[in-house]
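Reading the structure
One-letter residues, chain by chain:
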Amino acid sequence: MFKLIWRNSLRHRLRTTLTVLGMAIAILSFGLLRTVVDAWYAGVEGAAADRLVTRNAISLIFRLPLAYLNKIKAIPGIKRVAYGYWFGGVYIDEKNFFPQFAVELHNYLDIYNEFIIPPEQRQALLKERNACVAGRKLAQRFGWRLGDIITLRGTIFPGNWELVLRAIYTGAEETTDETRFFFHWDYVNESLIKTTPAIANQVGWFISQVEDLDQAPLIAAQIDDTFRNSLAETLTESEKAFQMGFVSMTKAIVLAIQVVSYVVIVIILIVLANTMAMTARERQEEYAVLKTLGFQGRHLVTLIAGESVAIALMGGGVGLAAIFPAAHYFRTALGNYFRVFHVSQETLLLCLVIAVLVGLVAAIFPAWRAARLPIAEGLRRIG
Amino acid sequence: MAEESLPPVLVEINDLTKSYRRGLQIIPVLQHVCLNIRAGEFLALMGPSGSGKTTLLNLIAGIDQPDAGTLRIAGVDISRLSESELAIWRHRHVGFIFQFYNLVPVLTALENVELPLMLSELPRRERRLHAELALQLVGIADRMDHYPRQLSGGQQQRVAIARAIVTDPVIIAADEPTGDLDKVSAQEVLELLTRLNQEMGKTIIMVTHDPRAAERASRLQHLDKGVLNACTPGM
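Calculation notes
- Throughout this document, residue positions are counted from 1 along each chain, in the order its sequence is written.
- To label them, take the chains in the order written and letter them from A, then take the ligands in the order written and number them from 1.
- Since the coordinates come from a predicted model, pLDDT governs what is reported: local features require at least 70, and pairs of side-chain atoms require 80 or more to be given and counted, while whole-chain, interface and lining totals use all residues.
- Based on all heavy atoms of the structure, the side-chain values leave hydrogens and waters out of the count.
- Strands here mean DSSP runs of E at least two residues long; helices mean DSSP runs of H or I at least four residues long; both are numbered from the N terminus.
- Throughout, radius of gyration means the C-alpha value; the globule benchmark is 2.2 Å times the number of residues raised to the power 0.38.
- Each residue's exposure class comes from its accessible area (1.4 Å probe, protein chains only) as a fraction of the maximum for that residue type: buried when under 20%, exposed when over 50%, partly exposed otherwise.
- Between two residues, a contact is recorded if the distance between any of their heavy atoms is within 4.5 Å.
- Neither His nor the chain termini are counted; the positive set is Lys and Arg, and the negative set is Asp and Glu.
- One atom stands in for each charge, and that atom is NZ of Lys, CZ of Arg, CG of Asp or CD of Glu.
- The predictor rates its confidence in each residue with pLDDT, a number between 0 and 100.
- Buried area, as used here, totals the accessible surface that two parts lose on assembly, with accessibility defined by a 1.4 Å probe and the loss added over both.
- Salt bridges, as used here, are contacts in which a Lys or Arg side-chain nitrogen is within 4 Å of a carboxyl oxygen on Asp or Glu.
- Counted as a polar contact is a pair of N or O atoms within 3.5 Å, where, for protein atoms, one must be capable of donating a hydrogen and the other of accepting one, and residues adjacent in sequence contribute only when both atoms are in side chains.
- Lines are fitted to the C-alpha atoms to define the axes, a helix being fitted only along its stretch in contact, and any angle between axes, read from their N-to-C directions, falls within 0 to 180 degrees.
- For this classification, under 35 degrees means roughly parallel, over 145 means roughly antiparallel, 65 to 115 means roughly perpendicular, and everything else is oblique.
- Crossings are assigned a handedness: left-handed for a near helix turned anticlockwise from the far helix by less than a right angle, right-handed for a clockwise turn.
- Grid points spaced at 1 Å and placed over the protein atoms alone form the basis of the search, with a cavity being a set where a 1.4 Å probe fits but cannot get out and a pocket an open set showing protein on both sides within 12 Å along at least five of seven lines. Lining residues have an atom within 4 Å of a point.
- Grid points are joined across faces, edges and corners, and a volume is the space filled by probe spheres set on the points.
- Residue type decides the class: Asp, Glu, Lys and Arg count as charged, Ala, Val, Leu, Ile, Met, Phe, Trp, Tyr, Cys and Pro as nonpolar, and the leftover types, Gly among them, as polar.

Let us look at the overall build of chain B. For chain B, the helix and strand inventory stands at seven helices and 10 strands. A compact globule built from 235 residues would reach a C-alpha radius of gyration of about 18 Å, and chain B, at 18 Å, matches this within 12%. Judged by the C-alpha coordinates and their principal axes, chain B covers about 50 × 45 × 40 Å. Across the 235 residues that make up chain B, the buried fraction comes to 53%. In chain B, of all internal contacts separated by at least 6 residues, the share reaching a separation of at least 24 is 72%. Each charge class in chain B can be summarised by its mean position, and for the 24 positive and 28 negative side chains these summaries are 3 Å apart.

Right, here's the structure in full:
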């Protein structure tokens, strides 16, 4: 039976090749679009459960006083606290965008232990006032080497900020963002004290690492209670919820991508269903002959569904094989937009399941017709 | 010949009626047909186009169902069998030979002959042995690895005959088996059918337009407008 299914699937070489190509492109598109969605959620997925983010309750654009640091540290159950803000500088040209953060590096690097830095680089980074650290992919993108001077033109914090690259971090996992850029919050703040003291000694957010995961919601509530009725009330949430807040701003785009990914599958389903319907119509006599030999409806259903699934899997296989070089191209060409572009195992599995499902669904109508075909009617088509 | 020494009746057809519907119109094809066929007979069914001979053959082979009447084969009323029961019955008891051979083009001669055995529980090795033996019987074992497109019409029909006999059926139903063949090939196929009938005792029911083919049969029945020329079940 498998031999017959396989040979039937290759019977019309051109038709099968075109359908396989269509299927391959559909699966490739689906896989890439799913990976785009995953990339969108990469920050959320990369968030650790033991990290709490505290920001101004009104909006992220309003800052919090640095003075909150000691009060947060004093709350039982908190292991470490770091702070920082979004710097938003321009490197040479605006098109060279990458995420830049001025942070309290000592605790920050302890909290974000997925950023792996060689000990001697870490030491140099923490020692030097205007030192900075870049992710591996970011350093690769601009060809930076340790010791290079990187000048950022401030947009939120005016002026040219000269930084020395003292460390390059690598991600602990494949999904870790390696395109971030960090430097000392103190370096910016010291300058602000001199130039614009009104905005000095402020932070965009505090990030706290808790000792006990189960206590995280309680600690978050305690932090917010501490600053209730103050001039700058706080909102503390898990890092995941915090990241999710950013993603939800672009929810419509993500939804559109998801819809498009499924539309692609529906289109190829129609194409394959048409191919299988044509094939089954052409072979009605053959099915009648098989029935004459004693084959039953269920055997014909197996033959047709098997052929349909075989074609779908051939296309799926080609699509999956193409997904890795395509993802590599995306990573290289669109690295600015997708800092993490990793084809997950779930996506691969989903592509495979969808290929099988498309094959099965496309076979339903022709298989049903073939199973119901009266033999005499099928044979009357002969001669 | 005395009645006691005759072989038993294998096919008993009594008052068989069949019609087809074309839109709102009902077209009668067979009307009150009565026919008995004894085991080991070689019966030729002749008649003009549209006389209902192929329909009668299809009914006997269990690939169509009558509207009325009874059709008993080896004591089983096949008109009462369900579709799946009928499929199993066909597989076990009937070998069908078509005018245009109807081999599966993507399978070799051997694989085509092996096809009906795929429904049996025989292991692959035995299936292959059976198929090879059937091809040897029809004298085409040397072409077992050829695809239908690589065979002549006569050779393809031999493969089709091998496919029809591979399950060792009681009845061989042949619908104009020489209709698409040249004279020489037609003679070879008829020779083969005669051998199957005489040497292996197969009951053969053959629809044909060709009087020379009909001459090979031990009995001839004419159908005209769905009526057998003589409705004498005891024949």
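Residue and element names in this part refer to chain B. Here chain B averages 88 in pLDDT, while 95% of its residues score no lower than 70. Mean pLDDT per element in chain B: strand 10 (residues 227-228) is the minimum at 79, and helix 3 (residues 109-114) is the maximum at 95. Across residues 231-235, where pLDDT falls below 50, the model places 10 contacts with residues more than four positions away in sequence or in other chains.

In this section: the interface of chain B and chain A. Taken together, the contact between chain B and chain A spans 27 residues of the former and 23 residues of the latter. Around 2100 Å² of area is buried between chain B and chain A when both sides are counted, 68% of it from carbon and sulfur atoms. Together, I63, V106 and L119 of chain B form the three largest contributors to the area buried by chain B at its contact with chain A, with a combined 23%. At the boundary of chain B with chain A, the tally comes to two salt bridges. Note that E111 of chain B is salt-bridged to K3 of chain A, the shortest N-O span being 3.1 Å. At the junction of chain B and chain A, the tally comes to four residue pairs in polar contact (both at pLDDT 80 or more).

Residue and element names in this part refer to chain A. The contact between helix 12 (residues 284-292) and helix 13 (residues 297-333) brings their axes to 10 Å, and the two run at 140°. Relative to helix 13, the element helix 12 is oriented oblique. In this structure, the crossing between helix 12 and helix 13 has a hand that is right-handed. Every residue of helix 13 that contacts helix 12 at Y287, L290 and K291 is listed here: L300, L303 and I304.

This part takes up the layout of surface pockets. One number sums up the size of the second largest pocket: a volume of about 790 Å³. Lining the second largest pocket are 27 residues, with R380 of chain A together with T54, T55, N58 and D175 of chain B positioned closest to its centre. If you list the elements that add at least two residues to the lining of the second largest pocket, you get helix 15 (375-379) of chain A together with strand 1 (9-22), strand 2 (25-38) and helix 1 (53-60) of chain B. Taken together, the residues that form the lining of the second largest pocket break down as 11 nonpolar, 10 polar and six charged.

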